[in-house]
Amino acid sequence: MDLKRLQQLDEFRWTVPLRAAEERAPVVLYGTVELLESMDDKVLEQAVNVAKLPGIAGSSMVMPDGHWGYGFPIGGVAAFDAQRGGIVSAGGVGFDISCGIRCLRTNLTWPQAAPKIDALAEALFRIIPAGVGSEGRLRLPPEELDEVLSGGAQWAVEQGYGTAEDLACIEDGGRVEGAKPECVSLLAKQRQEGEMGTLGSGNHYLEVQVVERVHDAAAAAAYGLFQDQVLVSIHCGSRGLGHQVGTDYLVSLAKAAQRLGIQLPERELACAPIASPEGQQYLGAMTAAINCALANRQILAHLTRTAFARVLPDAVLETLFDVSHNTCKCETHVVDGKEQQVYVHRKGATRAFGPGHPALPEQYRAAGQPVIIGGTMGTGSYILAGVDEKQNQAFASACHGAGRAMSRTQALKRWRGDQLLQELKHQGILIRAHSARGAAEEAPGAYKDVDSVCEATEKAGLAKRVVHMVPRACVKG
Amino acid sequence: MESGERSDRPGCSAYFEHDADFGVAGRGATVEEAFIQAAQAMFAIMVEPDKLRDDAQFAFEFEEPDLELALIVWLNRLLAEARRNGLALRRFALRRDGPRWLGAAWGQRWDDSLARGTEVKGATLTMLSVRLTAGQWEARCVVDV
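As a starting point, this report considers the structure included with it. Numbers given to residues run from 1 along each chain, matching the order in which its sequence is written. Here every chain gets a letter starting at A, and every ligand a number starting at 1, in the order they are written. The predicted nature of this model means local features are confined to residues of pLDDT at least 70 and side-chain atom pairs, given and counted, to a pLDDT of 80 or more, with totals for whole chains, interfaces and linings taken over all residues.

### Topic: the overall build of chain B
Put simply, the rule is: Note on conventions: DSSP H or I runs of at least 4 residues are helices, E runs of at least 2 residues are strands, and numbering of each starts at the N terminus. Computation of the radius of gyration draws on C-alpha atoms alone. For the globule rule, the value is 2.2 Å times the number of residues to the power 0.38. C-beta atoms are placed from the backbone for every residue, and two residues are taken to be in contact when these atoms lie within 7 Å.
Across its full length, chain B carries two helices and nine strands. Reading the secondary structure of chain B in the N-to-C direction produces β-β-β-α-β-α-β-β-β-β-β. Here the C-alpha radius of gyration of chain B, 14 Å, is about what a compact globule of 145 residues would show, namely 15 Å. Its C-alpha atoms give chain B principal-axis dimensions of roughly 45 × 35 × 25 Å. Counted over contacts in chain B with a minimum sequence separation of 6, partners at least 24 positions apart contribute 60%.

### What to know about the overall build of chain A
What counts, and what does not: Any residue with 12 or fewer other C-beta atoms within 10 Å of its own C-beta is exposed, any with 20 or more is buried, and the rest are partly exposed; the C-beta atoms used are placed from the backbone.
A tally of regular secondary structure across chain A gives 14 helices and 19 strands. What you see for chain A is a C-alpha radius of gyration of 21 Å, in line with the 23 Å of a compact globule of 477 residues. A principal-axis box enclosing the C-alpha atoms of chain A has dimensions of 65 × 50 × 45 Å. The buried share among the 477 residues of chain A stands at 64%.

### Remarks on the nonpolar core
Threshold: What we call a nonpolar core is a set of buried Ala, Val, Leu, Ile, Met, Phe, Trp, Tyr and Cys residues whose membership is set by joining through C-beta atoms within 7 Å.
Residues L253 of chain A together with A38, M42 and L71 of chain B are the most contacted members of the largest nonpolar core, which totals 220 residues. Looking at this core, the element that brings in the most residues is helix α10 (residues 277-311) of chain A, giving 17 residues. In contact with A38 of chain B, other than residues within four places in its own chain, are V24, A25, G26, L71, L75, A139 and R140 of chain B.

### So, the sheet that holds strand β4 (residues 56-63) of chain B
Residue and element names in this part refer to chain B. Formally: Strand pairing is assigned whenever DSSP detects at least two bridges linking the two strands. Angles shown run from 0 to 180 degrees and are taken between the N-to-C directions of axes, each axis being a line fitted to C-alpha atoms and, for helices, limited to the stretch in contact.
Strand order in the open sheet made by the three strands is β4-β6-β5, with antiparallel pairing throughout. A single partner strand is all that each edge strand has here, and the edge strands are β4 and β5 (87-97). This sheet shows a mean twist of 20° between the axes of neighbouring strands, independent of strand direction. Sheet topology places β5 next to strand β6 (residues 100-109); 10 bridges connect them, and they run antiparallel. Its bridge partner being in β6, A93 is matched across the sheet by A104. Of the strands in this sheet, β4, β5 and β6 touch helix α2 (residues 67-85), which is tilted by about 145° from β4.

Spelled out as structure tokens, the structure:
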């Protein structure tokens, strides 16, 4: 990104000055000089386009892991006010609706688990359905799927996948109100028929991690985390159903915007007013897809426990937290000094409620929300904690990962999957991948430095670092 | 040709650069051929087409007068039908009758012998264009993986 186009607000915040006669909301980009320089100019273009959408409240923002997306930038955050004609955008949520991370903490230390890591990686690889074309053991015809779309992770627990204790540590208690399964197409439901409890491919993974560094001892204690502890992170979303909801509404909202006379800077920002029938239908379908994702990660957590029980029978796996990073949700925030309800789009950005927020489970209310950041299969990941909204002025949002530094095409030219897996094995990281090509596309070197991203996130006042984890075994689709 | 784009021969499939995903392009003498070549490029991300049999098929139709949106509907409908039928695809056919499009695809059921690539979630409106240049149609967009 050409930094000459930006104006620096402070060490970690930048803006784009308004040109003469230009009408739009402010744009704020978070990050260091190095992180912003590594972003494509398209990120800036997309953030400016978002700032021109009707009814935007506050600023169009980009998190430190931002990169070029479709419609919104990845790492994009923007809120809209329904009372001022604000919109909801399918491009602001994306195809992988409610993609997110479930983190499980175990009672094991790395020295206890290390002798069994080969067997554990193999068991996880066999039990967790992953990769393009794979299906799970559970098959749900469309009429039965409606219960998942309304019930989310609560439905999964009722079916015997996990426990009620899990639900308390999932965003929204594992079930978001307002789902409208009737607004989800039959094709979307049919696409999901064999996909409940599957991981997917691309950047989705299931990773066994070890706490390598504690940054904040008090917050770590509140989260039940300690040095050398074994954790498991599961990164995936709403699978085929969410992809089809995104697909269906991207086209229908593009047409609706035209019909309703909404001037879009780019067609890919397909949207409709929140208060319109089209906007309400999308919100209902998107919320149903969020519940689908929460149920999916609940089933995967159950399968993970099954794999651990076979290899390490004394292991106890509790849900630390489960939080999504591709959503649009109605939340209360302070805008221009006044508390109001807004629809917050987070596209590759994580909700990060601060201490005292009533939506948080009681045990985390003093420390703030756990914010789970997925790095790469060769470097590391983080658990952050949400901070007070006087500090975080991004509608309680933070980064979601390392962010890509290199395209998949470039990564395929630079790395070979089999060689990469050997190199990681030499570093003590076991990868079980269904696709050698997919592994090459996901090479750690194709991503930004997650340490820099999380340091910038903390210094920009978006969230604070609690622990850093290193990977030990990873199942990839 | 853009930086990062590759094409084995004029009038076939190609890829172009995008930070997180893939840009796919198809070229041909007709708009239908360009759409078919874009589908070839998209499905080759998921599996090597040359390794597939074509002993299973499906057909579908849709209406879309807007050429650019028709490309998106075509690609996304193929993804959905392939998933619904549990198929990996290698061959495509498309006929246009005014705003009505009649499509078909051939492939085989996924099995453990297939070398898997990366799943495509959907075709996006990003860098979407369908245009006739120097007598050749080109259809392109970014697909989300």
